[in-house]
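This is what each chain is made of:
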Amino acid sequence: MGVVVPFEEIQNPEPSIDRLIGLVTDDMDRVNALILSKAGSDVAMIPEVANHLISSGGKRLRPMLTLAAAQMCGYREDGHIRLATAVEFMHTATLLHDDVVDESDMRRGKLAARKLWGNQASVLVGDYLLGQAFRMMVEVGVMQALSILSDAAAIIAEGEVMQLAAAKNMATTEDEYLAVIRAKTAALFSAAAEVGPVVAGRPRGEQAAFRSYGTNLGLAFQLVDDALDYGGSSAKLGKNVGDDFREGKITLPVVLAYRRGSDEDRAFWTRCLQGGGIGDGDLGRAVDLMKRHNALADTVDRARHYGAVARDALAPFRESEHKRALLEVVEFCVARAY
């Protein structure tokens, strides 16, 4: 079942990232080659675990943002290749770590690495990829880019701990949840976009514009993911629908449905998410409650808002193919909910 909400602002009925892919194809070929090279090691298990996830069909959206931003800002050297690869390694490392923390079985439609090699290997290979990411940042030699990405790594870790602290806490507010995803998800989108103009030596105003674009794109992306976990499909998610529910995660649809529900409804949420007493049919009931209280629709509406802020951030830049591609990325991310 899908989350269907009118989205009048979409001009193209089927927005995609094809335009972005076309603009960065040559650079992404270089990034992919560097990924394979830097994921290598004489320790056989490291490339095995890393390549299991790296080759599993992710969209590579974050490194493409780095490449497109650098190109749009007129960068002509090759430092953005290493920075984009570092961004992808940071993302891959967080996925390996997340699956261990969340005890997830699936990732991108395949068995999670932890199910094949164990939790210890997943964590340690994630650490290795983070180390390689920082090596590449240092090789680029732009201190501000290193600062932005290292700050993002710390913020992401903080977000993970915040989420762990909020797990199964039915008192979580919308503001508290948004703080979690701002750190856990949006920080890397923000850094990925911002290092493009930074490495190109663009003015601080342009750097701030890309930072805002990335942050708000990341918020929109995560909120749509939250809605899809209850109203999407495994194909769109790359994991099992309802995983957030089964793992007791407090996401925005849950926050809204819990706040708006009756005492009986709140008792249901508490039993399932706080007590872990999930039975047959409970996921279906959860979806019904979310629809009754407009929790899914309003979550997507929040995503639309952040998507609009992301688009506005690029308004000062002159029209170009790169700008059009980055604007369409926003539409694509939100339109996944339909």
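Please read these numbers as outputs of a predicted model, since none were measured by experiment.

Quick notes on the rules
Residues numbered from 1 in each chain as written. Predicted model: local features only at pLDDT ≥ 70, side-chain atom pairs only at ≥ 80, totals over all residues. Heavy atoms only, no water. Helix = DSSP H or I, 4+ residues; strand = E, 2+ residues; numbered from the N terminus. Contact = heavy atoms within 4.5 Å. Disulfide = S-S within 2.5 Å. Salt bridge = Lys/Arg side-chain N within 4 Å of Asp/Glu carboxyl O. Buried < 20%, exposed > 50% of the residue type's maximum accessible area, 1.4 Å probe, protein only. Core = buried A, V, L, I, M, F, W, Y, C linked by side-chain atoms within 4.5 Å. Phe/Tyr/Trp six-rings, centres within 6.5 Å; stacked < 30°, edge-to-face > 60°. Lys NZ or Arg CZ within 6 Å of the ring centre and 35° of its normal.

Explain the environment of Val-31 to me, please; I cannot follow it from the model alone.
Looking at where Val-31 falls in the secondary structure, it is placed in helix α1 (residues 18-38). Sequence separation between Val-31 and Val-123 is 92 residues, and the spatial gap between their C-alpha atoms is 24 Å. Once residues lying within four places of it in the same chain are set aside, the contact partners of Val-31 are Leu-67, Ile-81, Ala-84 and Thr-85.

Is there a simple way to explain the state of the cysteines in this structure?
Among covalent bonds in proteins, the disulfide is the one between the sulfur atoms of two cysteines. The final tally for this structure, using the stated rule, is 0 disulfides. This cysteine, Cys-333, is not joined by any disulfide, and Cys-73 carries the nearest cysteine sulfur, 19 Å off.

Explain the pattern of salt bridges here, please?
A side chain with one charge may pair with a side chain of the opposite charge, provided their charged atoms come close. Tallied over the full model, the rule gives 26 salt bridges. A salt bridge links Arg-302 to Glu-174, with the shortest nitrogen-to-oxygen separation between them at 2.8 Å. Separated by 128 residues along the polypeptide, Arg-302 in helix α15 (residues 295-313) and Glu-174 in helix α8 (residues 174-199) bring together distant segments of the chain. Accessibility expressed as a relative area gives 22% for Glu-174, which makes it partly exposed. Residue Glu-247 pairs with Lys-249 through a salt bridge whose shortest N-O separation is 3.6 Å. An identical accessibility class is assigned to Glu-247 and Lys-249; each is buried. Salt bridges sharing common partners tie together Arg-19, Glu-321, Arg-324 and Glu-328.

When you look at the nonpolar core in this model, what are you seeing that I'm missing?
Across soluble globular proteins, nonpolar side chains show a tendency to be buried alongside one another. Residues Leu-20, Phe-210, Tyr-213, Leu-217 and Leu-326 are the most contacted members of the largest nonpolar core, which totals 70 residues. Among the elements that take part in this core, helix α4 (residues 79-102) stands out by supplying 10 residues, more than any other. Aside from chain neighbours lying at most four places away, what touches Leu-217 is Leu-65, Phe-189, Ala-310, Val-329, Val-330 and Cys-333. In this structure, Leu-252, Trp-269, Met-290 and Tyr-306 belong to the second largest nonpolar core, which totals 35 residues.

What should I look at first to understand the environment of Ala-93 in this one?
Within the secondary structure, Ala-93 is located in helix α4. Sequence-wise, Ala-93 and Val-224 are 131 residues apart; in three dimensions their C-alpha atoms are separated by 22 Å. With residues near it in sequence (within four places) discarded, Ala-93 still touches Gly-126, Leu-129 and Leu-130.

Quick question: what am I supposed to make of the packing of aromatic side chains here?
By convention here, two paired aromatic rings are described through the distance between centres and the angle between planes. In this structure the tally under the stated criterion is 6 aromatic pairs. Ring centres of Phe-268 and Trp-269 lie 5.3 Å apart, and the angle between their planes is 65 degrees; on these two criteria the pair is classed as edge-to-face. Both residues of the pair, Phe-268 and Trp-269, count as buried. Members of the aromatic cluster, each reached through a chain of ring pairs, are Tyr-230, Phe-245, Phe-268 and Trp-269. Taking the ring centre of Phe-221 as reference, the NZ or CZ of Arg-62 above it sits at 5.5 Å. Positioned above the aromatic ring of Phe-221 is the side chain of Arg-336, whose terminal nitrogen or guanidinium carbon lies 4.1 Å from the ring centre.

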